[in-house]
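Structural features, examined
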Amino acid sequence: MNSLFVIRNDWSFEGDGDGSVVLPPTDSSADLESGDDDDDDESQVEGFTRSYDFGSISLVWVKKFIGSAHMSYEELLALGERIGIVNTGLSEEMMSKDTQNPSWCLHILLLCALRGLVHQLWFSFYNMLFLTRNRRILQQGIDFKQIDREWHWDNFIILQAVMASMALLSLPFLENLPSWNTKGIMCCIVIHVGISEPLYYWFHRLLHTQYFFSHYHSLHHASIVTQPFTARMATLLEHLMMGVIIGIPILGTCLYGHGSISLIYGYILVFDFLRCMGHINVEIIPHVLFQIFPLLKYFLYTPTYHSLHHTEMNTNFCLFMPLYDSIWKTINTKSWDFHERTSSGKNERIADFVFLVHLVDIMAALHFPIFFRSFSSHKFSVKLFLIPMWPFLFLLMNLSWVLHTTIVGTFYNLRGRLHQTWLVPRYGFQYFLPFAKEGINKVIEEAILEADRIGVKVISLAALNKVINNLKNVDSTALLQFLQPILNMLLHLIGNGGETLQVFQ
């Protein structure tokens, strides 16, 4: 009910049960319609508006009025029609407040989508082995048990969205925030450093006590080799506490009057960004940065820093700032040397076995691990929800023509042997384009030469099986012409001591 009725204390109403209402004295009605209220009436209106929340003011009064005068809802409506418009003393902006509130729903939904996007982008980067394999911290892969365990990593987004909704409905100072407030940035940083960081540190240490670790935190530490989704693998208690830790700087800044919409977006997304970065298992922060700014290593953790926490669990408890580990003597003494060694880019292990593959078609490219894990883990089939991605994939296909070398797609360890998949950046149909033949041959030739140079023991040309099978009905001269460059190159390898490299087709 959006109407607001202001009733003077000297009015009396009697409902006769059939919907008719006896109006107050004529002079009072006339005063009300003309808006000429005396000072006493005006003070009563102001006092009334201060006594009730705007969103439920009319509802609260209606219940009180019906209870005292025994009027039905229909009789009250009839009364409203007879009285007409009532001057409440409230501005149009205040009266329309309830109609503006639903905008926070849109902000929460948008934040949920952006938080999911941050994790997905980090996951895509994590799987770009052609960029990250030299800086991987732990060389082991992710097993199927860990994938299954972390499958519902995004549950925390829904939980914290509910927590945010409850805060918005309960705390009036979160309403009508401006888009930007410069002072809020510094205020939020101060509260985060002074409250959230030490609070998380001690809560994290509590989780490593025997009872809480066995009942709660062990789920997170079940993943030795971390990935971005590992950052959100936790129990309900940990997610609730993390929501509190995120909320303190936001609520504190808003309570001081420096809050803004951009601050809420920025703080939450930066928080997620840093959480994912710490679990990326790839060192992306150059050590030279800490050599130039030595104190920075106490204010920003690194992926190697947090990786040590997963391998040596009684050290490196901080959220983002190793300063607190340093203060309370829990910093791992190997942190900086380990970071320097890993960030050097010389942490790559040479594959024992290489499997050469190519992309099948445009939509099948979504099975490449840098895209969606939920899609690549199932047998390929065209899904309707993927159709909007076709223009992007078509653009990616055209950009692949620029690449003239294979890229590392996936890897796995089998009986102590490292197996890698090298991707030829060409699609199946491109093998049959006359003008593409020479370029494809050159890419395959360079892949075999590179494998021999770095010490790969076995390379499989299984990626050519489909092509060769399709060429069986082709004239033998054309088939020989297609394979001749590769055969010549293999003979060259064998004749120059390349016999250590075994090539299978």
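Residues numbered from 1 in each chain as written. Predicted model: local features only at pLDDT ≥ 70, side-chain atom pairs only at ≥ 80, totals over all residues. Heavy atoms only, no water.

Points about the overall build of the protein
Scanning the protein for helices and strands turns up 23 helices and 5 strands. Out of the 505 residues in the protein, the part that is buried amounts to 43%. Put simply, 74% of the contacts in the protein that link residues at least 6 apart link residues at least 24 apart. For the protein, the accessible surface area stands at approximately 27,100 Å², while carbon and sulfur atoms represent 63% of it. (Helix = DSSP H or I, 4+ residues; strand = E, 2+ residues; numbered from the N terminus. Buried < 20%, exposed > 50% of the residue type's maximum accessible area, 1.4 Å probe, protein only. Contact = heavy atoms within 4.5 Å. Areas by Shrake-Rupley, 256 points an atom, 1.4 Å probe, with all protein chains shown as cover.)

What about the packing of aromatic side chains?
For any pair of aromatic rings, the description consists of the separation of the ring centres together with the inter-plane angle of the planes. This structure, assessed with the given rule, holds 21 aromatic pairs. Ring centres of W401 and F435 lie 6.2 Å apart, and the angle between their planes is 35°; this geometry places the pair in the tilted category. With a gap of 34 residues between them, W401 in the loop between α20 (390–399) and β2 (407–414) and F435 in the loop between β3 (417–427) and α21 (437–454) connect regions that are remote in the sequence. Residue F435 is classed as exposed on the basis of its relative accessible area of 64%. An aromatic cluster of three or more residues is present, and its members are Y201, W202, F317, Y324 and W328. (Phe/Tyr/Trp six-rings, centres within 6.5 Å; stacked < 30°, edge-to-face > 60°.)

Concerning the packing of helix α7 (residues 103–126) against helix α10 (residues 155–170)
Where α7 contacts α10, the two axes come as close as 10 Å, and the packing angle between them is 155°. Taken as axis vectors, α7 and α10 run roughly antiparallel relative to one another. In the crossing of α7 with α10, the sense of the turn from one axis to the other is right-handed. For the pair α7 and α10, the contacting residues are W104, I108, C112, R115, G116 and H119 in the first and F156, I157, Q160, A161, A164, S165, L168 and L169 in the second. Its residues assigned to classes, the contact of α7 with α10 shows 9 nonpolar, 4 polar and 1 charged. (Axes fitted to C-alpha atoms, helices over the stretch in contact; angles between N-to-C directions. Parallel < 35°, antiparallel > 145°, perpendicular 65-115°, else oblique. Left-handed = near helix turned anticlockwise from the far one by under 90°. Nonpolar A, V, L, I, M, F, W, Y, C, P; charged D, E, K, R; others polar.)

Here's the deal with the nonpolar core
Among the nonpolar cores identified, the biggest contains 35 residues, and I246, I250 and F271 are the most heavily contacted of them. Mapped by element, the contributors of at least two residues to this core are α7, α11 (182–207), α13 (236–255) and α14 (261–278). With 9 residues, α14 is the largest single contributor of residues to this core. If we ignore the near neighbours within four places in the chain, the residues touching I246 are R115, Q160, Y267, I268 and F271. Formed by 19 residues, the second largest nonpolar core is a distinct cluster that contains L356, V408, I440 and A447. (Core = buried A, V, L, I, M, F, W, Y, C linked by side-chain atoms within 4.5 Å.)

Section: the pattern of salt bridges
Within this structure, the stated rule accounts for 9 salt bridges. Among the ionic pairs, R453 bridges to E450, the shortest N-O distance being 2.7 Å. Of the two residues, R453 and E450 are both situated in helix α21; the distance of 3 residues between them amounts to about one turn of the helix. Relative accessible area serves as the criterion here: at 61%, R453 is assigned to the exposed category. Under the relative-accessibility criterion, E450 is labelled partly exposed at 31%. One network of salt bridges, with partners in common, ties together R349, D352, R417 and K457. (Salt bridge = Lys/Arg side-chain N within 4 Å of Asp/Glu carboxyl O.)

Notes on the pairing of strand β1 (residues 353–359)
Two faces, one strand: in a regular strand the side chains alternate between the faces of the sheet. Among the 7 residues in β1, 5 count as buried, and that is most of the element. Note: β1 against strand β4 (residues 458–460), 3 bridges, orientation parallel. Among the inter-strand pairings, F353 is bridged to a residue of β4, identified as V458. (Pairing = 2+ DSSP bridges.)

Here we look at the confidence of the model for the protein
Per-residue pLDDT for the protein averages 78, and the proportion of residues at 70 or more is 71%. Confidence over residues 84–91 falls short of pLDDT 50; this stretch has 11 contacts with residues more than four positions distant or in other chains. Scored below 50 in pLDDT, residues 496–505 shows 27 contacts in the model against residues more than four places distant or in partner chains. (pLDDT = per-residue confidence, 0-100.)

Brief notes about a nonpolar patch on the surface
Nonpolar side chains collect at one region of the surface, where W180, I185, M186, I189 and V190 lie side by side and expose about 530 Å² of accessible area between them. With respect to the helices, strands and loops of the structure, M186 is situated in helix α11. Using a relative accessible area of 55% as the deciding quantity, one classes M186 as exposed. (Patch = residues over 30% accessible without salt bridge, like charges linked within 9 Å, V, L, I, M, F, W, Y side chains within 5 Å.)

Describing the environment of P198
Examined against the element boundaries, P198 turns out to sit in helix α11. Under the relative-accessibility criterion, P198 is labelled buried at 13%. Through-space distance from the C-alpha of P198 to that of C318 is 8.0 Å; in sequence the pair is 120 residues apart.

Things to note about the side chain of H220
Tracing the backbone shows H220 in helix α12 (residues 210–221). The residues contacting H220, other than those within four sequence positions of it, are T230, A231, M233, H279, H306 and H310.

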